[in-house]
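Each chain, written out:
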Amino acid sequence: KLIVIANKESYAYWGKEEKYVWMGYAFEKIKDTQYGELCKITGLRSSGRIAPELQDTQLKGKLALFSEYPAAGQPSAAFLQALLANA
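Only a predicted model underlies this, so the values are computations on that prediction, with no experimental measurement involved.

Definitions and limits used
- Residues numbered from 1 in each chain as written.
- Predicted model: local features only at pLDDT ≥ 70, side-chain atom pairs only at ≥ 80, totals over all residues.
- Heavy atoms only, no water.
- Helix = DSSP H or I, 4+ residues; strand = E, 2+ residues; numbered from the N terminus.
- Contact = heavy atoms within 4.5 Å.
- Areas by Shrake-Rupley, 256 points an atom, 1.4 Å probe, with all protein chains shown as cover.
- Pairing = 2+ DSSP bridges.
- Core = buried A, V, L, I, M, F, W, Y, C linked by side-chain atoms within 4.5 Å.
- Buried < 20%, exposed > 50% of the residue type's maximum accessible area, 1.4 Å probe, protein only.
- Axes fitted to C-alpha atoms, helices over the stretch in contact; angles between N-to-C directions.
- Salt bridge = Lys/Arg side-chain N within 4 Å of Asp/Glu carboxyl O.

Asker: Any chance you could explain the overall build of the chain here in plain terms?
Answerer: Within the chain, the regular secondary structure consists of two helices and four strands. Secondary structure of the chain in N-to-C order comes out as β-α-β-β-β-α. For the chain, the spread of C-alpha atoms along the three principal axes comes to 40 × 25 × 15 Å. In the chain, once contacts between residues fewer than 6 apart in sequence are set aside, the share between residues at least 24 apart is 53%. When the accessible surface of the chain is totalled, it reaches about 5,500 Å², and 50% of it is carbon and sulfur.

Asker: When you look at the pairing of strand β2 (residues 25–33) in this model, what are you seeing that I'm missing?
Answerer: For a regular strand, side chains alternate in direction, first toward one face of the sheet and then toward the other. Note that β2 and strand β3 (residues 36–44) share eight bridges and pair antiparallel. Bridging from a neighbouring strand, E28 pairs with K40 of β3. Where β2 folds back onto β3 in an antiparallel hairpin, the turn is made up of two residues.

Asker: Got a minute to help me understand the nonpolar core in this structure?
Answerer: As a rule of thumb, nonpolar side chains are buried together in soluble globular proteins. One finds I5, Y11, W14, M23, Y25, C39, I41, L44, A64 and F66 forming the largest nonpolar core, which totals 10 residues. For this core, the secondary-structure elements that each account for two or more residues are α1 (11–14), β3 and β4 (63–66). The greatest single-element share of this core, amounting to three residues, is contributed by β3. For Y25, the contacting residues outside a window of four places in its chain are W14, G15, I41, G43, L44, R45, T57 and L59. Counting six residues, the second largest nonpolar core, distinct from the first, contains Y35, L65, F79 and L83.

Asker: Which parts of the structure should I look at to understand the sheet that holds β2?
Answerer: Strands in a sheet are paired, the pairing made by backbone hydrogen bonds, and the direction either parallel or antiparallel. Read from one edge to the other, the open sheet built from four strands follows the order β1-β4-β3-β2, with strand pairing classed as mixed. At either end of the open sheet lies a strand with only one pairing partner, and these are β1 (2–5) and β2. For this sheet, the mean angle separating the axes of adjacent strands, direction not counted, is 30°. Pairing analysis gives four bridges linking β1 to β4, with the strands arranged parallel. Of the residues in β4, the one forming a bridge with V4 is L65.

Asker: I would appreciate a short explanation of the pattern of salt bridges in the present structure.
Answerer: Opposite charge on two side chains permits them to pair, given that their charged atoms come into close proximity. Inspection of every chain in the model, using the stated rule, returns three salt bridges. For K16, the salt bridge identified is with E37, shortest N-O distance 3.2 Å. With a gap of 21 residues between them, K16 in the loop between α1 and β2 and E37 in strand β3 connect regions that are remote in the sequence. Notably, a salt bridge pairs K60 with D56, separated by 3.2 Å at the nearest N-O pair.

This is the structure in structure tokens:
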């Protein structure tokens, strides 16, 4: 239910960076947290993806926390559970 992306370079895989896109997920920002930006996956980008033939994803509606370890520190299990409970 919650994907933690804890490496800035992997943002490109997910499509979080505008300049570099691989899978190209589309996101809706929910809020900033002490550990990074919490987003909801809303689908796939319409262009710029590696596999434009894919039209949908089973990750739609799932949460993603974009963090940068170790700069932000590691979120605790309690923090992650609270994110899920309040999202």
